[in-house]
Amino acid sequence: MKNDFIPVSNPKLKFLSRKKEILKITDTVIENGMYILGNEVTAFEKEFAQYIGVNYCAAVGNGTDAIAIALKALGVNVGDEVITVSHSAVATVAAIEMIGAVPVFADIEEDSRCINPSKIRDLISSKTKVIIPVHIYGQPARIKQIISISKEYGLKVLEDCAQAHGAKVDNQLVGSFGDAAAFSFYPTKNLGAIGDGGAIVTNDGSTFNQVLAIRQYGWRQRYISDFSGVNSRLDELQAAFLRIKLKDLDDENVKRVTIANRYNSALSSLGFTFPKVISDSYHVYHLYVIESNNRDDLADFLKSKGIGTALHYPLPIHLQPAYKGRIKGSDKLFETERLYKSILSLPMYPELTADQVSHVIDSLRKWKELRG
Ligand SMILES: Cc1ncc(COP(=O)(O)O)c(C=O)c1O
């Protein structure tokens, strides 16, 4: 086992562990002949809303669409400003611009690596409509502080939960705090489909009805568009797969935490900077991201030992060619700019064996011994 390459993530193993059921339901769905917005999607929406602890869930084509559709449903119009972070998947910002809204960047905190609530107020203008905290790597943002700021200024909060299925603050699941939340079911996510998928959850009935209309051409009644919408629907097969995988989510998150705890204790004795454990929150370690000021050398060394690593992300959004020099707030992202140069994601997925984790830890120790 030690000699097999250990990738950063490995969604195929999840499929293999449920292969029989997945192939069986594939057959059933295909035989049923109802392929778009059928029983599987309806059942998944109900089960996922129940899991998160909210009233409503609408499944859509992917997580990027989920953010864009949710923003529209929350009343964001062309030219309105949305405060978020540059330390995220580019999808967060692509979604804002998809609907003609304007992203504004706040810096992140060193501890949580999520939006720093104390940096939000200075960025609020008469055009600001929504704050999007991203629960990055599976670590919840300071959601309660963010919500109290939003209330002070009459803004809405859309949680980007693409990396945080099952994460909690004070025992309450992320996705149930904001006015709405967006999830991605990209295959490597803690809850991943076998293809693209996404969902919007909310407690508010009118936001939910807007989402339902926007995801299908602005229809409230079939074939009659009340306003212009899009086509973004989760398909029946993906919904069926997600229903099977949802049953395992909590157990798998516990496995991620167990692996993270082993990494944490080894890395603290080796003097690496590793993810901080924030006292009121349950981190679900979508990614396990360490910091090293010699991370490229470390990545090469680990690769030579058969261990994959990755950068999430190699460049913050405000430094990428598409966005450089044009996003408000980009000149004050000091922590964002410090962090990205040193991050390195280590292998993290529930099926990692104890031996594989030991191999990663031993290799980190060897690198430390060699490089000091
Ligand atoms: C933080 C974040 N937001 C949004 C998305 C978008 O999700 P998707 O890839 O399903 O469009 C992702 C996933 O890539 C993500 O990591």
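Residues numbered from 1 in each chain as written. Predicted model: local features only at pLDDT ≥ 70, side-chain atom pairs only at ≥ 80, totals over all residues. Heavy atoms only, no water.

Caption draft 1: Highlighting the sheet that holds strand 6 (residues 168-169). The strand order across the open sheet built from 3 strands is 7-6-12, with neighbouring strands paired in antiparallel fashion. Only two strands of the sheet have a single partner each, and these edge strands are strand 7 (172-173) and strand 12 (281-282). Alignment of strand 6 against strand 12, held across 2 bridges, turns out to be antiparallel. Residue pairing across strands places Lys-168 opposite Tyr-282, the latter belonging to strand 12. (Pairing = 2+ DSSP bridges. Helix = DSSP H or I, 4+ residues; strand = E, 2+ residues; numbered from the N terminus.)

Caption draft 2: Structural context of the domain arrangement of the protein. You can read the domains of the protein as domain 1 (11-246) and domain 2 (249-371). Once you take the C-alpha centre of each, domain 1 and domain 2 turn out to be 24 Å apart. Each side of the interface is counted separately: domain 1 has 45 residues, and domain 2 has 41 residues. Across the interface of domain 1 and domain 2, roughly 3700 Å² is buried in total on both sides, 54% from carbon and sulfur atoms. Three residues stand out in domain 1 for area buried against domain 2, namely Arg-113, Tyr-137 and Asn-190, and they jointly supply 20% of the buried area on that side. Counting every contact that joins domain 1 to domain 2 gives 4 salt bridges. Residue Glu-291 is joined to Arg-113 by a salt bridge in which the shortest nitrogen-to-oxygen separation is 3.0 Å. Between the two partners, domain 1 and domain 2, sit 27 residue pairs in polar contact (both at pLDDT 80 or more). Among the elements of the structure, helix 1 (11-17), strand 2 (81-85), helix 5 (91-98), strand 3 (102-106), strand 6 and helix 8 (236-246) are those that each provide at least two residues to the side of domain 1 that touches domain 2. Of the residues belonging to the side of domain 1 that touches domain 2, the class tally is 20 nonpolar, 12 polar and 13 charged. (Domains from an automatic or database assignment. Contact = heavy atoms within 4.5 Å. Buried area = accessible area lost by both parts, 1.4 Å probe. Salt bridge = Lys/Arg side-chain N within 4 Å of Asp/Glu carboxyl O. Polar contact = N/O pair within 3.5 Å; in protein donor to acceptor, adjacent residues only side chain to side chain. Nonpolar A, V, L, I, M, F, W, Y, C, P; charged D, E, K, R; others polar.)

Caption draft 3: Here's a closer look at a nonpolar patch on the surface. On the surface, a nonpolar cluster with roughly 290 Å² of combined accessible area is contributed by Ile-30, Tyr-35 and Ile-36. Tracing the backbone through its elements, the reader meets Ile-30 in helix 2 (residues 19-32). Overall, Ile-30 belongs to the partly exposed group, its relative accessible area being 46%. (Patch = residues over 30% accessible without salt bridge, like charges linked within 9 Å, V, L, I, M, F, W, Y side chains within 5 Å. Areas by Shrake-Rupley, 256 points an atom, 1.4 Å probe, with all protein chains shown as cover. Buried < 20%, exposed > 50% of the residue type's maximum accessible area, 1.4 Å probe, protein only.)

Caption draft 4: Examining the site of the ligand more closely. Inspection of the region around the ligand gives 16 residues, with Gly-63, Thr-64, Asp-160, Ser-184 and Lys-189 positioned closest. At a separation of 2.8 Å, a nitrogen atom of the ligand approaches a polar side-chain atom of Asp-160. Between an oxygen atom of the ligand and a side-chain N or O atom of Lys-189, the distance comes to 3.1 Å. Protein coverage of the free-state accessible area of the ligand, which is 390 Å², stands at 89%. Per element, the largest residue contribution to the shell around the ligand is 3 residues, and it comes from helix 4 (residues 63-73). Partitioning the shell around the ligand into residue classes produces 6 nonpolar, 8 polar and 2 charged. (Near = heavy atom within 4 Å.)

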